[in-house]
Amino acid sequence: MPDRDGAPNPNPSPNPNKPERPPLLKKSKTIAAHFSGPLFPAVRRVSSTSPSSPRFSSESNTYSASSTSTSTSASTTHDANFGFGDRDYVYPSFLGPHTARSRVNFKSTSKSQRNQLELSKLPARSESMPSNLTSEGGGAKAEPKMKPKPKLKAEKDLHALSIQVSNPASSSALSSESSTSVNSSNARRASGHSNSWILFLLKFVCTISVSHTLYLRNEVSKLQEENVSLRRVCSHVDLASAGITELKEVNSLVYFGNADSRIVSLYMVIFILVTPFVLYKYLDSLPRIIDLLKRKTTKKEEVPLKKKIAYMVDVCFSVYPYAKLLALLFATLFLIGYGGLALYAVGDGSFTEALWLSWSFVADSGSHADMAGAGPRIVSVLITSGGMLIFAMMLGLVSDAISEKVDSLRKGKSEVIESNHILILGWSDKLGSLLKQLAIANKSIGGGVVVVLAERDKEEMEMDIAKLEFDFMGTSVICRSGSPLILADLKKVSVSKARGIIVLASDENADQSDARALRVVLSLTGVREGLRGHVVVEMSDLDNEPLVKLVGGELIETVVAHDVIGRLMIQCALQPGLAQIWEDILGFENAEFYIKRWPQLDGVPFEDVLVSFPDAIPCGVKVAADGGKIIINPDDRYVLKEGDEVLVIAEDDDTYAPGPLPEVNKGLFPRIADPPKYPERILFCGWRRDIDDMIMVLEALLAPGSELWMLNEVAEKDRERKLTDGGLDISGLENIKLVHHVGNAVIRRHLEGLPLETFDSILILADESVEDSIVHSDSRSLATLLLIRDIQSKRLPNKDSRSIPLRHSVFSQSSWIREMQQASDRSIIISEILDSRTRNLVSVSRISDYVLSNELVSMALAMVAEDKQINRVLEELFAEEGNELCIKPAEFYLYDQEELCFTDIMRRGRQRQEIVIGYRLAAAERAVINPAGKSEQRKWSLDDVFVVISSGK
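Quick caveat, the model's predicted, so the values are computed rather than measured.

Peer 1: Sorry if this is basic, but what is going on with the overall build of the protein chain here?
Peer 2: Counting secondary structure elements, the protein chain contains 29 helices and 24 strands. Restricting the contact set of the protein chain to residue pairs at least 6 apart, pairs at least 24 apart contribute 75%. Surface summary for the protein chain: the accessible area is close to 53400 Å², and the carbon and sulfur share equals 57%.

This is how it looks when you write it as C-alpha cells:
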C-alpha cells in the first residue's frame, strides 16, 4: 500500500481483508527551531526507525566511511527522495499520531565508538526543507534504547523555545553533547548503589586480609624457630625409628589442629567485634536491601530501623521492671564468653581455662597483672575494663533500686497491712483535734492504728502532725499520699478492713466540699471486697445530707459541721455554761456515751436500772424489739427485755458494770415548776449559710415577743430572698421579730449605732464571705468581739472593784481587759472561732463567755467513728424538739444546806422526768459529769446547779 507521497509501503499488510489498525504512538525526541510566522514552532521527530538508505548496513549495523564523505549530487538525490510523510516539521509532535516505521536494532558499542559515530551521523540538508531547519542525524539516525529523565511539560516547551540552531554542524554537536551527558548521568545513577557496597566489601576484605596476614606471619616465624630446633635435634639423634616418626606425626597433627581452632577463634573475635559497627552504620539500609532481594518496591515512608529498635528497648525497660537486671546479666555473660574466646585465640591454654580467666578478670580488676605476652595482656586489660564498667552499672542499678524504694516509702506509696483500724480520708484543720480524741479513745486498749489518706505529700503530713506536740499514748498514725476517689489508693490503705472510716470536708466552699464527699462515698461503695466498718461523712450544708445518705445507705452516718456549731451556739446563748458541758460529754477525756448489753438486767425496770451502776449514769435504752431504736429518758416503768441495751455516760467502756441496788432516801423536796420564759433580745453579727435554720431553732426555743437583730453586709431585699429560698416563712414567725441593720461588724461606727448594752445574747458568726479562709474569718470575729466589749464597757456603769470575781484580779484596775470583763457580766457573747489556736487566746483573756470552734465537730466525728449509734443520740439532743441538755438550779431538787448523796438527787430528778448527769458547785468553774462516789453524803447550796437531760415538755 503506497504512502501519502506515492512510495510503496515497505511493510504491507499480510492479510488484505483484515482492516488496517491505526498507527501506534511512538516515543520520540523533539527539537524545536525558532522561526517567525506560525503559532506553533516547527518540530521534527527523530524516529527510532529509519527508511531504507545506502548509508545503513543491516548486517554490520555500523556506518561506512563513504557515508561521511557523500557528494553534493548524492545529497541532492537523497533530498529528492524526501517525502511529505517522512517529515513531521509541518505539525508539532504533540498534535496527533504519526506513521509507523520499521525499527532497526543496533548492537551495543562502547562509549568511544558511540562518540565517533555521533560525528559521522550528520545528514545533508534537503532542498525541500527550510534553510533554517536541520535534523539531528537525519532520518537514518538510530539511538540506543535509553530512557531519558522525565521532565515537566512547561520545562520542555521552555527548552524548545530557547534553542536556536545556527548551522547543521552546531546543531549536531549540541545533540551529540546532550545525548552523551544523558547517557553518562544514567550510567552514574545506575551504578550509584553498587559502589557503596563494593567499597564496604573491599574494606571488610582488606581488614580480614591484613589481620590474617599478620597472624600467618607470626605463625611462620614460630614454625621456622621450631624447624631450626628440630634440625638441631635431628643432627644428634637418629630418627629412623618408625615409632618415633609416628609419634612426631601425631604430635604435629595435634598441634596444627590446635592452631586451626585458634585461627577460627581469632576470626570469630574479629567478626563479632566488627559486626556491631557495621550494623549500626548500615542498619537503616537493611529494609531496602531486603526489598531488593525480594524484588519489590516499597513506596510508603517507613520509620528508620534504628528508631524502631530504640523505641522497643525503651518500652521494654519501662514496662518490665527486671529488664535492666536481665540486660546486665546478659552483658556479663557475653563479656565472659567473648573474653574467653579472645584469650583462647591469643593464648596457649585450653578454652575452659580461658573462660575461667575471663571470669576472674571481670570479677577482680587486679588479677590480670600476671599475664605474659602482648596479646594476652591487651585482651586481659580490655576484659578488666569491661568488668569495671559492668560493676559500675550494677552498683548504679542497685543504688537506683534502693533509692526508688526509699522514695516510695517516703512519698507514702507502699501498702498498709492493717486491720481493725480507723481510716481518715482527706485533710483539714480538724484533723489535729480528731487525732487527739481518737488517741484518747484508744488509750484503754493500749493504743490503736489511725491511717490518714490525703492528696498531700507524706512528709508534709507527718511534719504537720508532729507540730501538734501531743502524746498519742500508743496510737500509731500512718500517713499515705493518694486520692480517696481512686480505688487503687483506697485498697492501698486496707479500706475493706477498717472498723471505721471518716470522710473529712475539704477547705472549699460548701457545695464543692459536699460534692467531693459524695464522690468519695460513691468510691467507697464501689469497693469490691466490701466494707467491714461504717462511714462517717462530715457535711458542710444540711440540704446536701439526704443525697449522701441516699447513695451510701445504712453504712453512712453524717455529721453536718455547720449545723452542729449553729445549734450549739444557740443553746449556749440561752443557757450560759452549756458549751463546757458539751465539750466534756463529746470529748473522750472525761465522760462520754456508751451503749452495751447487760443480760443480768433483763426484767428490771428502768427506775432501778438508773441506780444500778455506781460508776455510770444510765440515760436511755436501745430497744431490740423496735429495730434498735434508742429511747432517751424512758419511762420509769419500762422493763428491759432480752436483747435490749443500756445507754450510759461513763469514763470508759471498761470502767463500769451493774452492781447491787443501793438504798435510796427520796425524802421531801420542794415541788417547784419551771419558771415561765421571758422575751429576749438577741443580736447576730455576720451572715451564715444556714442562718435560716438558726432562726427556726430560735423560733422554737424563745418566748413570744422576742427580737432578733441582724447586722451584716447583705442588703435587706437580698436577705428576705435568701431566707425564703432556704425554706423560712418570714410571715409565719410568731415568737420572734426580725430587725435588719446593714453594716460591717468590724467598723466601729456601725456597731455604735446599735444598743449593744440592751442585748441578752450576742452571737458573732463566721461570715459567709470569708468562710473559705479560716485565718481571715477568725480575725474578723476577734475584731468584732473586741469592739463590742469596748463599746459596752464605755456605756455600762462602773462596778465596785470589790465585787469583781477573784479570777479577774490578775489584771490591773485600769486595764482595758478588766473593763471588758465587767461588761461580760451584763451580756453573753458567743464567738464562733474556727481555729483552735485563736480559741485558746480568746478563752484565756475571758472577754467572751465561750468560743465554739471546729474542735467540737472533731469530737463528734471521733465519737461517731467509734460507735455509729451515738449519732442518733447527738441528733436528738441537738434538735429543737425532744430531749435536750439543760442546766437547772439546785432549788428544784433540794433545800439549802441539805445533806444528800448524788443518788438521792437522781431519784428526785426522776420525779420531774429528768435524768441528773452532773452538777456544778457555786465556787467551781467547771461542771462535774458522772461524779464518783455517788453514794457519799454532802451538803448542797442553792447556788449550785445541776446538769440534766430533760424531756423538753
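Peer 1: Looking at this structure, I do not really get the sheet that holds strand E22 (residues 928-929). What am I missing?
Peer 2: Within a sheet, neighbouring strands are paired by backbone hydrogen bonds and run either parallel or antiparallel to one another. Read across the sheet, four strands follow the order E19-E24-E21-E22 without closing on themselves; strand pairing throughout is antiparallel. Strands with a single pairing partner mark the edges of an open sheet, and in this sheet they are strand E19 (884-889) and E22. Taken together, the six bridges between E19 and strand E24 (residues 945-950) define a ladder with antiparallel strand orientation. For Ile887, the partnering residue across the bridge sits in E24 and is Val947. Against the sheet, helix H29 (residues 902-910) touches strand E21 (914-920) and E24, its axis set at about 140 degrees to E21.

Peer 1: Where do I start with helix H17 (residues 545-552) in this structure?
Peer 2: Because the α-helix completes a turn every 3.6 residues, residues three or four places apart line up on one side. Those residues of H17 that fall on the buried side of the exposure criterion are Glu545, Val548 and Gly552. Viewed along the axis of H17, the buried residues span an arc of 65 degrees, placing them on a single side of the element. Counted as exposed and oriented over 90 degrees from the buried face of H17: Pro546 and Leu550. On the buried face of H17, the contacting elements are helix H16 (510-525), strand E7 (534-539) and strand E8 (556-560).

Peer 1: Quick question: what am I supposed to make of the side chain of Arg719 here?
Peer 2: Position of Arg719 among the secondary structure elements: in helix H22 (residues 716-725). For Arg719, the contacting residues outside a window of four places in its chain are Trp687, Met710, Asn712, Val714, His740, His741 and Val742.

Peer 1: Is there a simple way to explain the nonpolar core in this structure?
Peer 2: Side chains that are nonpolar tend, in soluble globular proteins, to be buried together. In terms of nonpolar packing, the biggest core is built from 118 residues, with Ile424, Phe593, Phe684, Leu763, Ile917 and Phe946 touching the most fellow members. When residues in this core are grouped by element, the largest group, nine residues, is from helix H27 (residues 854-866). Split by domain, this core shows at least three residues from each of two domains, domain 2 (412-554) and domain 3 (681-795 + 815-843). If we ignore the near neighbours within four places in the chain, the residues touching Phe593 are Ile585, Cys619, Leu647, Val648, Ile649, Met863, Ile870, Val873 and Leu877. Leu490, Val493, Ala498 and Val503 belong to the second largest nonpolar core, which has 23 residues in total.

Peer 1: How do you make sense of the pattern of salt bridges when you look at a structure like this?
Peer 2: For side chains of opposite charge, pairing can occur when their charged atoms come near one another. Applying the stated criterion across every chain yields a total of 29 salt bridges. The residue Lys430 makes a salt bridge to Glu538 at a minimum N-O spacing of 2.8 Å. Taken together, the residues Lys430 in the loop between strand E3 (422-425) and helix H13 (431-441) and Glu538 in strand E7 connect sequence positions 108 residues apart. In this structure, Arg926 and Asp584 form a salt bridge, with 2.9 Å as the shortest nitrogen-oxygen distance. Residue Arg926 is located in the loop between E21 and E22, and its partner Asp584 is located in helix H19 (residues 578-586); the two are separated by 342 residues in the primary sequence.

Peer 1: So what exactly am I meant to see when it comes to a nonpolar patch on the surface here?
Peer 2: Together, Phe391, Met394, Leu395, Val398, Ile402 and Val406 give the surface a local cluster of nonpolar side chains, amounting to about 550 Å² of exposed area. Within the fold, Val398 resides in helix H12 (residues 374-410).

Peer 1: Got a minute to help me understand the side chain of Asp636 in this structure?
Peer 2: Structurally, the position occupied by Asp636 is in the loop between strand E11 (629-632) and strand E12 (645-650). With a relative accessible area of 14%, Asp636 lands in the buried category. Looking at Asp636, its side chain comes within polar contact range of the side chain of Arg910, at 2.6 Å. When near neighbours in sequence (up to four residues on either side) are disregarded, Asp636 contacts Pro605, Phe606, Glu607 and Arg910.

Criteria and cut-off values
- Residues numbered from 1 in each chain as written.
- Predicted model: local features only at pLDDT ≥ 70, side-chain atom pairs only at ≥ 80, totals over all residues.
- Heavy atoms only, no water.
- Helix = DSSP H or I, 4+ residues; strand = E, 2+ residues; numbered from the N terminus.
- Contact = heavy atoms within 4.5 Å.
- Areas by Shrake-Rupley, 256 points an atom, 1.4 Å probe, with all protein chains shown as cover.
- Pairing = 2+ DSSP bridges.
- Axes fitted to C-alpha atoms, helices over the stretch in contact; angles between N-to-C directions.
- Buried < 20%, exposed > 50% of the residue type's maximum accessible area, 1.4 Å probe, protein only.
- Arc of directions from axis to C-beta.
- Core = buried A, V, L, I, M, F, W, Y, C linked by side-chain atoms within 4.5 Å.
- Domains from an automatic or database assignment.
- Salt bridge = Lys/Arg side-chain N within 4 Å of Asp/Glu carboxyl O.
- Patch = residues over 30% accessible without salt bridge, like charges linked within 9 Å, V, L, I, M, F, W, Y side chains within 5 Å.
- Polar contact = N/O pair within 3.5 Å; in protein donor to acceptor, adjacent residues only side chain to side chain.

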